[in-house]
4 protein chains.
Amino acid sequence: MTTPADSAPVSLSTVTGRPLTKRGEATRRRLLEAAEDVFAELGYHDASIVKITERAHVALGTFYLYFDSKQAIFEALVIDLNSRVRHSMSEAMAGARDRIEAERLGFEGFFEFTAAHPALYRVVREAEFVSPATLRLHYERIVDGYRAGLAAAQQQGEIADDLDVEIAAWALMGAGELIGMRYLLWERDAAGRPPQHIDPAVLDGMSAFIARALRPAGKED
Amino acid sequence: MTTPADSAPVSLSTVTGRPLTKRGEATRRRLLEAAEDVFAELGYHDASIVKITERAHVALGTFYLYFDSKQAIFEALVIDLNSRVRHSMSEAMAGARDRIEAERLGFEGFFEFTAAHPALYRVVREAEFVSPATLRLHYERIVDGYRAGLAAAQQQGEIADDLDVEIAAWALMGAGELIGMRYLLWERDAAGRPPQHIDPAVLDGMSAFIARALRPAGKED
Amino acid sequence: MTTPADSAPVSLSTVTGRPLTKRGEATRRRLLEAAEDVFAELGYHDASIVKITERAHVALGTFYLYFDSKQAIFEALVIDLNSRVRHSMSEAMAGARDRIEAERLGFEGFFEFTAAHPALYRVVREAEFVSPATLRLHYERIVDGYRAGLAAAQQQGEIADDLDVEIAAWALMGAGELIGMRYLLWERDAAGRPPQHIDPAVLDGMSAFIARALRPAGKED
Amino acid sequence: MTTPADSAPVSLSTVTGRPLTKRGEATRRRLLEAAEDVFAELGYHDASIVKITERAHVALGTFYLYFDSKQAIFEALVIDLNSRVRHSMSEAMAGARDRIEAERLGFEGFFEFTAAHPALYRVVREAEFVSPATLRLHYERIVDGYRAGLAAAQQQGEIADDLDVEIAAWALMGAGELIGMRYLLWERDAAGRPPQHIDPAVLDGMSAFIARALRPAGKED
DNA sequence: GATGAATGAGTGTTCATTCAT
DNA sequence: GATGAATGAACACTCATTCAT
């Protein structure tokens with residue numbers, strides 16, 4: 001389940017158009033991390049550039065050396081998170097023996113990432129009116145990977161051959177999104193903190209649901 | 001799959017605190033409909049009270065006779081749409097012979113409503129930072145209905161008895177949400193208009209997926 | 001220390017221009033009392049017609065049957081309070097044997113009224129920008145009475161003959177105003193309620209101060 | 001009659017929280033001066049931030065770099081005027097030979113300041129509902145100085161030893177306030193302009209009144 | 001590279017007043 | 001006499017963006 005690298009991993013200064021120096025690269029990273037925190041906490045609209053620059057320990061004007069606009073950093077952030085979540089999922093699926101197991105591990109990776117980066121959820125669910133193109137990009141890149149994996153597994157006979165992999169991919173992604181929202185983001189432990197890992201019982205339940213949905217007819221555990 | 005009626009279907013004037021006159025009730029409805037359109041088109045933040053009142057053909061100040069704030073009409077709208085989508089789903093499921101069929105019909109009703117009221121999607125996905133409580137209410141009310149239906153069906157042996165109905169309910173709701181987003185809201189016909197009905201092939205694909213996920217072991221079509 | 005009665009004690013409906021019926025008169029009174037409370041509590045600007053009508057148990061529109069505007073009721077209230085405070089002062093001074101005693105009793109009456117009607121203070125001190133003419137009227141009417149009393153006493157040799165009674169009148173009025181503010185309106189008892197009567201020690205202190213300022217040379221207690 | 005300097009004469013930017021640059025300090029001062037004019041002319045409520053910033057030749061948003069709110073600049077202004085009027089009074093009293101003379105000079109300084117800064121009056125008399133705490137601060141700071149001066153004079157035997165200096169201080173302050181209102185703010189010369197100095201006859205009359213009230217028994221001019 | 005003062009368009013909300021019933 | 005729905009001007013405040021230093 002490989003994903004082609006993005007065109008240019010080299011960040012350019014918006015003002016000079018040239019590749020960033022090492023120092024510049026660090027500032028840009030700090031801004032992006034600050035944005036992740038601030039967007040996750042306040043949402044796109046209540047987040048402000050001042051808050052982002054404050055959290056990044058950078059002056060207000062510096063922001064515009066690295067990003068053209070508030071929307072630009074939002075898009076950069078979504079793309080960044082998207083790469084990273086897909087990377088997490090691939091890593092998690094690495095040692096899987098079959099697609100059914102891969103699914104479980106992939107979702108585990110997804111939930112792991114979600115717990116560590118709630119911005120992914122919060123930000124994406126707001127993206128519809130901020131940057132619809134980026135929103136689609138995000139979902140489509142994940143679904144693409146999914147579909148590819150499912151199609152390959154279908155070739156291998158690991159999953160039902162009458163399954164529409166495209167539809168299944170969207171359905172699974174939606175299922176993962178709401179399960180994550182419900183059992184990670186909404187959940188609070190005794191101390192009122194969100195859990196860092198998905199409840200194993202939930203992961204089991206979800207995996208069973210998925211396994212049943214994908215498995216070829218006549219094959220049971 | 002019954003849902004208990006909300007406590008008080010009587011709208012109160014925010015200013016007098018008394019039940020609305022017929023004229024008042026009509027104005028309130030106009031505002032709510034205008035808000036649905038404006039929120040769906042522009043999103044919560046770019047929507048403005050002026051835009052809503054203009055679309056409702058009402059003066060600006062009139063707004064505040066019926067709603068306490070922008071957030072208040074947002075919440076009222078979510079609750080209103082929630083009631084109506086659940087009603088649509090119930091209606092659609094009415095004649096189903098078994099749960100599997102009910103699921104298909106229910107989703108059909110859901111998609112029908114989504115196509116007619118895109119605000120449901122757009123507005124809900126923004127609700128996280130506008131009114132988290134309302135967001136949860138929305139999902140939980142739907143999931144509650146779902147879970148009840150699934151549990152009953154499980155009793156009847158119509159669906160797998162080892163299924164965790166709670167988790168399944170969230171998974172199905174998420175699947176429906178993304179499928180609707182992808183195949184209704186993002187889809188455009190030749191004229192560039194979004195379709196009014198879900199593509200039957202997609203509904204088939206999704207139903208097959210669900211059927212497989214729910215059906216008791218050993219039972220095939 | 002007589003004050004000529006105001007021209008017309010007959011209230012007219014602002015809408016018909018005719019004298020009010022008994023019922024109308026009562027409503028007008030209720031509005032005026034409500035206004036006294038609301039203005040005293042919130043000040044002119046934060047007071048609203050709605051709040052006044054609510055407190056008067058009258059519908060919003062009714063207000064405009066009795067007063068032309070918010071400013072109009074404000075002015076009516078100041079004039080009303082002014083008549084009443086002057087009446088209180090005259091009553092209090094009735095049995096005085098000389099002017100020095102009259103002063104003490106007059107101030108006592110003034111403080112009594114102030115404690116019962118804090119609106120007098122609060123409203124007057126805001127009147128500068130609301131209705132300067134009414135503000136002057138208020139002070140001048142009181143000062144007129146004062147001056148007349150002082151002048152008469154001067155004739156009698158009860159107070160120093162080299163005293164400028166006009167200036168003394170303004171000075172005494174100012175003294176009374178701030179003493180009232182400091183020791184009545186700002187004071188709070190153990191339960192946090194403002195006192196209903198001036199602290200006798202303060203009245204003594206103030207009377208001594210005034211006595212010294214007014215008394216003819218060579219005359220001591 | 002010394003007054004301890006306020007803790008920190010360093011203005012802080014409300015936005016960075018750091019001490020202001022020279023340029024910033026100038027802008028802040030311009031805003032404060034504009035506010036003095038606008039509040040004096042229109043009163044607190046009819047003054048608007050736009051009007052203040054226009055008069056200060058500064059953009060609207062700039063206001064909020066220096067003050068948190070309309071109320072905040074109002075309070076800053078009262079405090080500022082308070083310091084300055086007390087300074088004027090101290091200066092004026094500097095060369096006085098005794099307390100009686102000091103009183104006359106102090107009031108002269110007070111009236112001088114009042115004529116040049118009518119905002120002091122107008123703004124303070126509105127402060128009750130805008131910022132009661134600041135209102136008290138203003139009066140108490142002046143009264144504190146007064147009381148200290150009177151108490152010292154009492155020690156010296158310059159004023160009557162049976163005088164309650166606290167009460168006398170409030171009485172004198174009130175007298176000064178109303179005399180200033182009546183003979184400075186309400187007075188108009190032939191050209192309709194308010195006088196720049198108090199009528200000497202009034203100052204004489206007032207001083208005589210005060211002298212009599214303060215002087216020890218048996219001491220005449 | 002970095003700074004932070006300055007800008008001004010935009011928006012939610014209030015409230016005195018009117019008028020049809 | 002009384003009601004209360006409707007009106008719309010006015011205003012405090014926010015914040016993305018620019019630019020001189």
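The rules we used
Residues numbered from 1 in each chain as written. Chains lettered and ligands numbered in written order. Predicted model: local features only at pLDDT ≥ 70, side-chain atom pairs only at ≥ 80, totals over all residues. Heavy atoms only, no water. Domains from an automatic or database assignment. Contact = heavy atoms within 4.5 Å. Buried area = accessible area lost by both parts, 1.4 Å probe. Salt bridge = Lys/Arg side-chain N within 4 Å of Asp/Glu carboxyl O. pLDDT = per-residue confidence, 0-100. Least-squares fit on C-alpha atoms with pLDDT ≥ 70 in both. Near = heavy atom within 4 Å. Polar contact = N/O pair within 3.5 Å; in protein donor to acceptor, adjacent residues only side chain to side chain. Helix = DSSP H or I, 4+ residues; strand = E, 2+ residues; numbered from the N terminus. Nonpolar A, V, L, I, M, F, W, Y, C, P; charged D, E, K, R; others polar. Axes fitted to C-alpha atoms, helices over the stretch in contact; angles between N-to-C directions. Parallel < 35°, antiparallel > 145°, perpendicular 65-115°, else oblique. Left-handed = near helix turned anticlockwise from the far one by under 90°. Buried < 20%, exposed > 50% of the residue type's maximum accessible area, 1.4 Å probe, protein only. Expected span 1.5 Å × (residues − 1). Phe/Tyr/Trp six-rings, centres within 6.5 Å; stacked < 30°, edge-to-face > 60°. Lys NZ or Arg CZ within 6 Å of the ring centre and 35° of its normal.

## Concerning the domain arrangement of chain A
All names here are of chain A.
And step 1. Structurally, chain A comprises domain 1 (11-68) and domain 2 (70-214).
And step 2. Relative to domain 2, the C-alpha centre of domain 1 lies at a distance of 27 Å.
And step 3. The partner domain 2 presents 16 residues to the 15 residues of domain 1 that form the contact.
And step 4. Taking both partners together, domain 1 and domain 2 bury about 1,500 Å²; carbon and sulfur atoms supply 68% of that area.
And step 5. Summed over the shared surface of domain 1 and domain 2, the number is two salt bridges.
And step 6. Close ionic contact of Arg29 with Asp80 constitutes a salt bridge, the shortest N to O distance being 3.3 Å.

## Remarks on the confidence of the model for chain A
Any segment with low pLDDT has predicted coordinates that should not be analysed in fine detail.
And step 1. On average, chain A scores 90 in pLDDT, and the residues at 70 or more come to 94%.
And step 2. Ignoring residues within four places in sequence, the model shows residues 1-8 of chain A, a span with pLDDT below 50, making nine contacts including any to other chains.

## With respect to the relation of the copies chain C and chain D
And step 1. Superposing chain C onto chain D requires a rotation of 180° together with a translation of 0.0 Å along the rotation axis, leaving an RMSD of 0.1 Å. Taken together, these values place the two copies in the relation of a two-fold axis.
And step 2. Both copies share a contact surface, since 100% of the interface residues of chain C are interface residues in chain D too.

## Quick notes on the protein's contact with DNA strand E
And step 1. Surveying the vicinity of DNA strand E reveals 37 residues, the closest of which are Thr21 and Tyr66 of chain A, Lys70 of chain B together with Ala59 and Tyr66 of chain D.
And step 2. Within 4 Å of the protein, atoms of DNA strand E come from sugar and phosphate in 67% of cases.
And step 3. Between DNA strand E and the protein, one listed contact pairs a phosphate oxygen with a side-chain N or O atom of Lys70 of chain B at 2.7 Å.
And step 4. Within the side chain of Thr27 of chain D, a nitrogen or oxygen atom sits 3.0 Å from a phosphate oxygen of DNA strand E.
And step 5. For the surface near DNA strand E, the secondary structure elements donating two or more residues are helix 1 (22-46) and helix 3 (63-66) of chain A, helix 3 (60-66) of chain B together with helix 1 (22-46) and helix 3 (60-66) of chain D.
And step 6. Taken together, the residues of the surface near DNA strand E sort by class into 18 nonpolar, 14 polar and five charged.

## Section: the protein's contact with DNA strand F
And step 1. Close to DNA strand F lie 37 residues, the nearest being Ala59, Gly61 and Tyr66 of chain B together with Thr21 and Tyr66 of chain C.
And step 2. In this structure, Ala59 of chain C approaches DNA strand F through a main-chain N or O atom, which is 2.9 Å from a phosphate oxygen.
And step 3. Between DNA strand F and Tyr64 of chain D, the relevant distance is 3.2 Å, taken from a phosphate oxygen to a side-chain nitrogen or oxygen of the residue.
And step 4. Elements with a contribution of two residues or more to the surface near DNA strand F: helix 1 (22-46) and helix 3 of chain B, helix 1 (22-46) and helix 3 (63-66) of chain C together with helix 2 (49-55) and helix 3 of chain D.
And step 5. With five residues, helix 3 of chain B is the largest single contributor of residues to the surface near DNA strand F.
And step 6. Partitioned by chemical class, the residues of the surface near DNA strand F number 18 nonpolar, 13 polar and six charged.

## Focus on the packing of helix 8 (residues 165-185) of chain C against helix 8 (residues 165-185) of chain D
Two quantities define a packed helix pair, namely the angle between the axes and the distance from one axis to the other.
And step 1. Following both chains from N to C, one finds helix 8 of chain C and helix 8 of chain D inclined at 125°, their axes separated by 6 Å at the closest point. Classed by the angle they form, the pair helix 8 of chain C and helix 8 of chain D counts as oblique. The chirality of how helix 8 of chain C crosses helix 8 of chain D is right-handed. Judged by residue contacts, Glu166, Ile167, Trp170, Ala171, Met173, Gly174, Ala175, Leu178, Ile179, Met181, Arg182 and Tyr183 of chain C of helix 8 of chain C engage Glu166, Ile167, Trp170, Ala171, Met173, Gly174, Ala175, Leu178, Ile179, Met181, Arg182 and Tyr183 of chain D from helix 8 of chain D.
And step 2. Of the residues that constitute the contact of helix 8 of chain C with helix 8 of chain D, the class distribution is 18 nonpolar, two polar and four charged.

## Regarding the interface of chain C and chain D
And step 1. At the interface, 47 residues of chain C touch 48 residues of chain D.
And step 2. Of the roughly 4,100 Å² buried between chain C and chain D on both sides combined, carbon and sulfur atoms contribute 65%.
And step 3. A salt bridge links Arg212 of chain D to Asp162 of chain C; the shortest N-O distance between them is 3.2 Å.
And step 4. Counting only elements with at least two residues in the side of chain C that touches chain D, the list comes to helix 1, helix 6 (119-130), helix 7 (132-155), helix 8 and helix 9 (200-214) of chain C.
And step 5. Per-class residue counts for the side of chain C that touches chain D are 28 nonpolar, five polar and 14 charged.

## Description of the pattern of salt bridges
And step 1. Summed over all chains, the structure comprises 56 salt bridges over all chains.
And step 2. Of the charged contacts, one joins Glu177 of chain A and Arg125 of chain B as a salt bridge, the two residues approaching to 3.4 Å between their closest N and O atoms. Highlighted residues: Glu177 of chain A in helix 8 (residues 165-185) and Arg125 of chain B in helix 6 (residues 119-130), drawn from two different chains.
And step 3. Exposure remark for Glu177 of chain A: the relative accessible area of 7% places this residue in the buried category.
And step 4. For Arg125 of chain B, a relative accessible area of 2% corresponds to the buried category.
And step 5. Linked by salt bridges that have partners in common, Arg29, Glu36, Asp80 and Arg84 of chain A make up one network.

## Overview of helix 5 (residues 99-116) of chain C
Residues and elements named next belong to chain C.
And step 1. Along its 18 residues, helix 5 runs 25 Å from first to last C-alpha, staying within 8% of the 26 Å computed at 1.5 Å per residue.
And step 2. The set of residues buried in helix 5 consists of Arg99, Ile100, Ala102, Glu103, Gly106, Phe107, Gly109, Phe110, Phe111, Phe113, Thr114 and Ala115.
And step 3. For helix 5, the elements touching its buried residues are helix 4 (70-93), helix 6, helix 7, helix 8 and helix 9.
And step 4. Backbone nitrogen of Ile100 and a side-chain oxygen of the N-cap are separated by 3.3 Å at the start of helix 5; the cap is Asp98.

## Let's talk about the relation of the copies chain B and chain A
Look at the two chain copies: a rotation about an axis and a shift along it is all it takes to match them.
And step 1. Structural alignment of chain B on chain A gives an RMSD of 0.1 Å, achieved by rotating through 180° and translating 0.0 Å along the axis.
And step 2. Taken together, the interface assignments show that 100% of the residues at the interface of chain B recur at the interface of chain A, consistent with an identical surface on both copies.

## Details of the packing of aromatic side chains
And step 1. Under the definition given, this model contains 48 aromatic pairs over all chains.
And step 2. Measuring from centroid to centroid gives 6.5 Å for Tyr139 of chain A and Trp186 of chain B, while their planes differ by 50°, and the two rings are tilted. Taken together, the residues span two chains, with Tyr139 of chain A in helix 7 (residues 132-155) and Trp186 of chain B in the loop between helix 8 (165-185) and helix 9 (200-214). Per residue, the accessibility class of Tyr139 of chain A equals that of Trp186 of chain B, and both read buried.
And step 3. The ring of Tyr44 of chain A is capped by Lys70 of chain A, whose NZ or CZ atom sits 4.5 Å from the centre of that ring.

## Here's the deal with the interface of chain B and chain A
And step 1. Contact with chain B, which involves 47 residues of that partner, is made by 47 residues of chain A.
And step 2. Of the roughly 4,100 Å² buried where chain B meets chain A, counting both sides, 66% is carbon and sulfur surface.
And step 3. Per-residue buried area on chain B facing chain A is highest for Phe129, Trp186 and Arg212 of chain B; these three make up 20% of the total on that side.
And step 4. For the pair chain B and chain A, the number of links is four salt bridges.
And step 5. For the pair chain B and chain A, the interface holds nine residue pairs in polar contact (both at pLDDT 80 or more).
And step 6. Counting only elements with at least two residues in the side of chain B that touches chain A, the list comes to helix 1, helix 6, helix 7 (132-155), helix 8 and helix 9 of chain B.
And step 7. Of the residues forming the side of chain B that touches chain A, the biggest block, 15 residues, is contributed by helix 8 of chain B.
And step 8. Counted by class, the side of chain B that touches chain A contains 28 nonpolar, five polar and 14 charged residues.

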